[in-house]
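Each chain is listed here by its residues.
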Amino acid sequence: MASSAKPSFYDFYLDEHQNMACRRLHFAGSSFGLIGLAKSVKSRSVKPLLKGITAGYACAWVGHFFFEKNKPASFKFPLKSFASDFRMYADVMRGNLSLRDRKFDKAR
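Keep in mind that this is a model prediction, so the values were computed, not measured. (Residues numbered from 1 in each chain as written. Predicted model: local features only at pLDDT ≥ 70, side-chain atom pairs only at ≥ 80, totals over all residues. Heavy atoms only, no water.)

Undergrad: Could you clarify how one ought to interpret empty space enclosed by the protein in this entry?
TA: In this approach, a probe sized like a water molecule rolls over the atoms, and the result shows the empty space that is left. A full pass over the atoms with the stated rule returns one cavity of 30 Å³ or more. What lines the largest cavity is simply Arg23, His26, Phe27, Ser30, Asp85, Met88, Tyr89, Val92 and Leu99. Of all the secondary structure elements, the ones that give two or more residues to the lining of the largest cavity are α2 (20-43) and α4 (78-94). (1 Å grid on protein atoms, 1.4 Å probe; cavity = no way out; pocket = protein on both sides within 12 Å on 5 of 7 lines; lining within 4 Å. Points joined across faces, edges and corners; volume = space filled by probe spheres on them. Helix = DSSP H or I, 4+ residues; strand = E, 2+ residues; numbered from the N terminus.)

What follows is the structure, given as structure tokens:
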């Protein structure tokens, strides 16, 4: 019997991140966000977090508009996109997604 399972949001999210420059910019942006979070906790100030989030979204949006040539999913699905971005980040860290070439992806 054929599976009629609906693709997950993460499958859609990965389809929107095929370009390696876009993926690299997302990875850098997520890193900036995490660094901002760590600095905010350490300094007990929200300012580094805001800077990290701003840098993170700037990187992601440059990746979409100039390299991927699509609109960021965060415009329509902000919470799902935010969660999927960190799932993609974790998949890169685990070696399940490549920042070099999609042929090395194992995440599907």
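Undergrad: Help me out: how do you make sense of the confidence of the model for the chain in this one?
TA: Reading predicted coordinates in detail is not appropriate for stretches of low pLDDT. Per-residue pLDDT for the chain averages 93, and the proportion of residues at 70 or more is 94%. Put simply, helix α1 (residues 9-15) is where the chain has its lowest mean pLDDT, 95, and α2 is where it has its highest, 98. (pLDDT = per-residue confidence, 0-100.)

Undergrad: Whenever I open this one, the environment of Leu25 confuses me. Can you help?
TA: As for its position among the elements, Leu25 is in helix α2. Spatially, the C-alpha atom of Leu25 lies 11 Å from that of Phe66, the residues being 41 residues apart in sequence. If near-sequence neighbours (up to four positions away) are discounted, Leu25 is found in contact with Cys59, Ala60, Val62, Gly63 and Phe67. (Contact = heavy atoms within 4.5 Å.)

Undergrad: Just checking my understanding: could you explain unusual backbone geometry for this structure?
TA: Most peptide bonds are trans, and most residues other than glycine sit at a negative phi. Even without glycine at this site, Arg44 takes up a positive phi of about 55°. The backbone of Lys69 sits at a positive phi, close to 60°, despite the residue not being glycine. Relative to the helices and strands, Lys69 is located in the loop between α3 (47-68) and α4. What makes Lys69 exposed here is its relative accessible area of 64%. (Buried < 20%, exposed > 50% of the residue type's maximum accessible area, 1.4 Å probe, protein only.)

Undergrad: Would you mind showing me how to read α4 here?
TA: Side chains of residues three or four places apart in an α-helix project in the same direction, reflecting 3.6 residues per turn. Spanning 17 residues, α4 covers 24 Å between terminal C-alpha atoms, matching the ideal 24 Å at 1.5 Å per step. Buried residues of α4: Ser81, Ser84, Asp85, Met88, Tyr89, Asp91 and Val92, and no others. Projected down its long axis, α4 shows its buried positions confined to an angular sector of 160°, all on one face. Among the exposed residues of α4, those oriented more than 90 degrees off its buried face are Leu79, Met93 and Arg94. As for α4, its buried residues are in contact with α1 and α2. (Expected span 1.5 Å × (residues − 1). Arc of directions from axis to C-beta.)

Undergrad: Teacher, can you tell me more about the layout of surface pockets here?
TA: If you add up the space inside the largest pocket, you get close to 330 Å³. Together, 23 residues line the largest pocket, and Ser30, Tyr57, Phe82, Asp85 and Phe86 are the ones closest to its centre. Of all the secondary-structure elements, those providing two or more residues to the lining of the largest pocket are α2, α3 and α4. For the lining of the largest pocket, the element with the highest residue contribution is α3, accounting for eight residues.

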